[in-house]
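For reference, the chains in residue letters:
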Amino acid sequence: YLMVMYFITGTYQEVYKMVESCVSEDLTSEEAQIFNQLEFLGNDNHPDAHACRLKLSAVTVGLGDSSAMKCPWSVYEEMREYVKKYDFVSSACRLTTEEELLLLKMSTPSVGYRLPTELVNRNSYVSAVTNIGTLPVGKTLSVKVGIDKPPVIENYDSGADTSILDNPKNCMISSKLFGAAYSRPEEDQVAFGGLRALEFINAAIDHGVEITSSRYGFPLMYDLLVGTVAFKLHPNDKTHNWGRILVRLVPPSDFKRKSAEMSSLRILSENPTVAQHPHIPKFQIDSAVSKFKGMFQGKDAVSRVLSELHTFLTKQSIRSMLNFPVASIESQSPAVMTLRRPSSFFDYRLWVIPRVSDYSQSVFSLDVQNCAAVNIPLAQIQAFASKPLSPINLESYVVYLSRSQLRKPNVSGAVPFDLSASKAARTHCSEATTQRISTDIQKYAHNANNETTPTLIGFSLSDIESLHSSSSVLKKAISQLGALIKALNGLMEFDRMSLGNLMARTLAIATSEERSDQPGSLPEEINFLRFRLGQISEREPTVWFELLVASILSTTAEQDIRSLNPYLSSAAYKTVNSLTVVAMLASIRIGQSHRALRGLSHLVKLLRNVKSTSAPDVQTRLCAEIALQASKVAADLTCERHFMRVNPNTVDFDPRFLVFEFTYSMMLRKSQVIL
């Protein structure tokens, strides 16, 4: 449900993190209904949305086609979109090489169609990246890629057109009717913005902008570029910019042919300073009779303005101001890609993906000196490793009583049954088994008779029996519980504050928000800032706290985490690990304190029900409840951690136990650790 909600709100990174935890062979009717809602999210074309859907397809492929979690989208179509938009997929949602190869195998086009070139190339490239780590040093790997014939695109920026400067008379457009038929737009129609100006520019685009158009052709564009027509949609608009836009909209048949008209528009478009020159020739509209006379005599408005413009532009002072655009060269796709073995964490950043390689780490060593360097004292670490709640001075609230003090009889060490009369018990194996049973019972009896049980001070059996008859005993018990609750609340508040600070600093060091390396040269610092900007823009991978928790289970944790941040030193990584472990321990202790406080709250409620006027059977039952609840609270307070071993310089433990405790906010009993 939460994953679908994240999907709906576009929180794709959280979706991606949760996908692997949302897989099941069997779904309840409610779960199936929620899963089916993903079908309606298939029209989400965000690059990360494609990645999330493909991730779900990859993790559910093993369930089979008849599974309730069969994804309702086409892996083929999703993979095509993912490859097209790969450059825009955020770092946290990128697929691993193994996942991409699996999904490419699952991508099957319609019957009669072959796999498109981009997926064939992707398969070759990903396969090469998978094997790149095995290349010998200095060797390269070549990947051949297929190239589809690119579509023919007429390039406006193919080069400068200097016809107006070189020989304008011989390259003018022969027909001049468009100049004679041109009528300049009224100022109130285009100069003040609003709906009329918007309708005018929409009509120009819909009708088509051509050099020989009488309404939206050369004369209008020339007037816009030199500022004769003051067209504006917004008060801050520049008329020259609107002229540049319209010039770019002319059809290829106009800009491919060298002409004085097109050349003049190109030059004025790229040189706004020249276009706004006070002496730039203006387009003069002739009277009705003069229009036709000029057309036959070669003195029409278009010819005149081009001749005057040629004279103006060829002046030395103006010619030196002209800038000609550099021709744009169309890109050519290489037929072969060459890959080299990565030499550092800085190489192949697009393939650096946050993940935990394995979960087989069985021994973790917490560096005590490293903890001291980040203000985590040894006493706190020792408390976490043994009795987490010892900082509240447990001896002031808990006392250990023997069986006799608890009025419990000693456990007998004798076997409670006799099999000596049985014939089957006289065999060698049976006698050995009987002897072992006897030894185990004696050992158990010895341990049970010598162990002590934690008990809240003021809640011994004699104290509990006196609650109904002595107000001083009741008052003392309530006061004792009040002091204990205050101490636990203080410790929990400290842990909560510490947890927030520890997590914040852990992530700050892991992401280099807090620098762990020494500033380098100017180019190195520029690269560092580029990396930090990439993290913020989600182009560079970054860590989150849950990933750091899972990473302590990996045998390649340091490489996995440091690959995400090339600027994270080995010493800084150890600090990150130490802070992560201590944060987990603080979180677990918060849960332990919360359980103890909840039990204390219930115990206080029971004490408030103590009344001397109650019936004897009610008093007996209430005393039993108080004794049971007090015993439970004492056990919660004195709960110990049994899988950590404190050495002079390190604290060694199995990280799998710690992650289990952190995940479920509980503490493992000694018997559970032994098992």
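Residues numbered from 1 in each chain as written. Predicted model: local features only at pLDDT ≥ 70, side-chain atom pairs only at ≥ 80, totals over all residues. Heavy atoms only, no water.

Colleague: Help me get a handle on the packing of helix H5 (residues 75-84) against helix H7 (residues 117-131), residues and values and all.
Modeller: For the pair H5 and H7, the least separation of the axes is 10 Å and the interaxial angle reads 75 degrees. When the axes of H5 and H7 are compared, the pair comes out roughly perpendicular. Where H5 approaches H7, its residues Tyr76, Met79, Arg80, Val83 and Lys84 are matched on the opposing element by Glu118, Leu119 and Arg122. Looking at side-chain class alone, the contact of H5 with H7 contains four nonpolar, no polar and four charged residues. (Axes fitted to C-alpha atoms, helices over the stretch in contact; angles between N-to-C directions. Helix = DSSP H or I, 4+ residues; strand = E, 2+ residues; numbered from the N terminus. Parallel < 35°, antiparallel > 145°, perpendicular 65-115°, else oblique. Contact = heavy atoms within 4.5 Å. Nonpolar A, V, L, I, M, F, W, Y, C, P; charged D, E, K, R; others polar.)

Colleague: I'd like to hear about the packing of aromatic side chains, residue by residue, with values.
Modeller: The relative placement of two aromatic rings is captured by the distance of their centres and the angle of their planes. In total, this model carries 17 aromatic pairs according to the counting rule given. Here the aromatic rings of Tyr125 and Trp351 are separated by 6.1 Å at their centres, their planes lie at 45 degrees, and the arrangement is tilted. A residue pair is termed long-range when its members are at least 10 positions apart, and Tyr125 in helix H7 and Trp351 in the loop between strand E2 (336-340) and strand E3 (364-367) qualify at 226 residues. Side by side, Tyr125 and Trp351 carry an identical accessibility label, which is buried. An aromatic cluster is defined as three or more aromatic residues linked by ring pairs; in this entry it consists of Tyr82, Tyr86, Tyr125 and Trp351. (Phe/Tyr/Trp six-rings, centres within 6.5 Å; stacked < 30°, edge-to-face > 60°. Buried < 20%, exposed > 50% of the residue type's maximum accessible area, 1.4 Å probe, protein only.)

Colleague: Hey, could you go over the sheet that holds strand E6 (residues 644-646) for me, with residue numbers and the actual values?
Modeller: In space, the three strands of this open sheet follow the order E3-E7-E6, with antiparallel pairing throughout. Single-partner strands in this sheet number two, and they are E3 and E6. Taking the axes of each pair of neighbouring strands and ignoring which way they run, one obtains an average angle of 20 degrees across the sheet. Taken together, the four bridges between E3 and strand E7 (residues 650-653) define a ladder with antiparallel strand orientation. Paired with Ser365 across the strands is Asp652, a residue of E7. Running over the sheet, helix H21 (residues 378-385) touches E3, E6 and E7 and is turned about 145 degrees from E6. Docked against the sheet, helix H28 (residues 570-608) engages E3, E6 and E7, running at close to 100 degrees with respect to E3. (Pairing = 2+ DSSP bridges.)

Colleague: Pulling in residues and values, what's your account of helix H18 (residues 301-313)?
Modeller: Note: α-helices contain 3.6 residues per turn, so residues at a spacing of three or four share the same orientation. Spanning 13 residues, H18 covers 18 Å between terminal C-alpha atoms, matching the ideal 18 Å at 1.5 Å per step. Every buried residue of H18 is accounted for by Ala301, Val302, Ser303, Val305, Leu306, Leu309, Phe312 and Leu313. Considering only its buried residues, H18 is in contact with helix H8 (163-166), helix H9 (177-180), helix H12 (218-226), helix H15 (260-270), helix H16 (272-275) and helix H19 (316-319). (Expected span 1.5 Å × (residues − 1).)

Colleague: Tell me about H15, residues and numbers included.
Modeller: Within H15, 10 of the 11 residues are buried, which leaves it mostly tucked inside the rest of the structure. When we look at burial in H15, the residues that qualify are Ala260, Glu261, Met262, Ser263, Ser264, Leu265, Arg266, Ile267, Leu268 and Ser269.

Colleague: How would you summarise the side chain of Ser269 if you had to cite specific residues and measurements?
Modeller: Here Ser269 is to be found in helix H15. Discounting chain neighbours no more than four positions away, the residues touching Ser269 are Leu225, His240, Arg244 and Val247.

Colleague: Tell me about the confidence of the model for the protein chain, and please be specific about residues and values.
Modeller: Of the residues in the protein chain, 97% reach a pLDDT of 70 or more, and the chain-wide mean stands at 88. Ranking the helices and strands of the protein chain by mean pLDDT puts H28 first, with 95, and helix H17 (residues 288-297) last, with 57. (pLDDT = per-residue confidence, 0-100.)

Colleague: Kindly report on the environment of Val618, identifying the contributing residues and their values.
Modeller: Within the secondary structure, Val618 is located in helix H29 (residues 616-637). Counting along the chain gives 198 residues from Val618 to Ser420, while the straight-line C-alpha distance between them is 48 Å.

Colleague: Break down unusual backbone geometry for me, citing the residues and quoting the values.
Modeller: One non-glycine residue with positive phi stands out, namely Asn375, at about 65 degrees. The residue Asn375 is located in the loop between helix H20 (368-373) and H21 in this model. Of note in this structure, Glu538 is not a glycine but carries a positive phi near 70 degrees. Structurally, the position occupied by Glu538 is in the loop between helix H25 (522-536) and helix H26 (545-551). On the accessibility criterion, Glu538 (36% relative accessible area) is partly exposed.

Colleague: Can you break down the nonpolar core residue by residue, with the values?
Modeller: Leu456, Phe459, Leu488, Ile626, Leu637, Phe653 and Leu658 are the most contacted members of the largest nonpolar core, which totals 80 residues. Discounting residues that sit within four places of it in the chain, Phe459 has contacts with Ile464, Ala477, Leu481, Leu603, Leu607, Ile626 and Ala630. One finds Phe178, Leu220, Trp242 and Met262 within the second-largest nonpolar core, a separate group that totals 48 residues. (Core = buried A, V, L, I, M, F, W, Y, C linked by side-chain atoms within 4.5 Å.)

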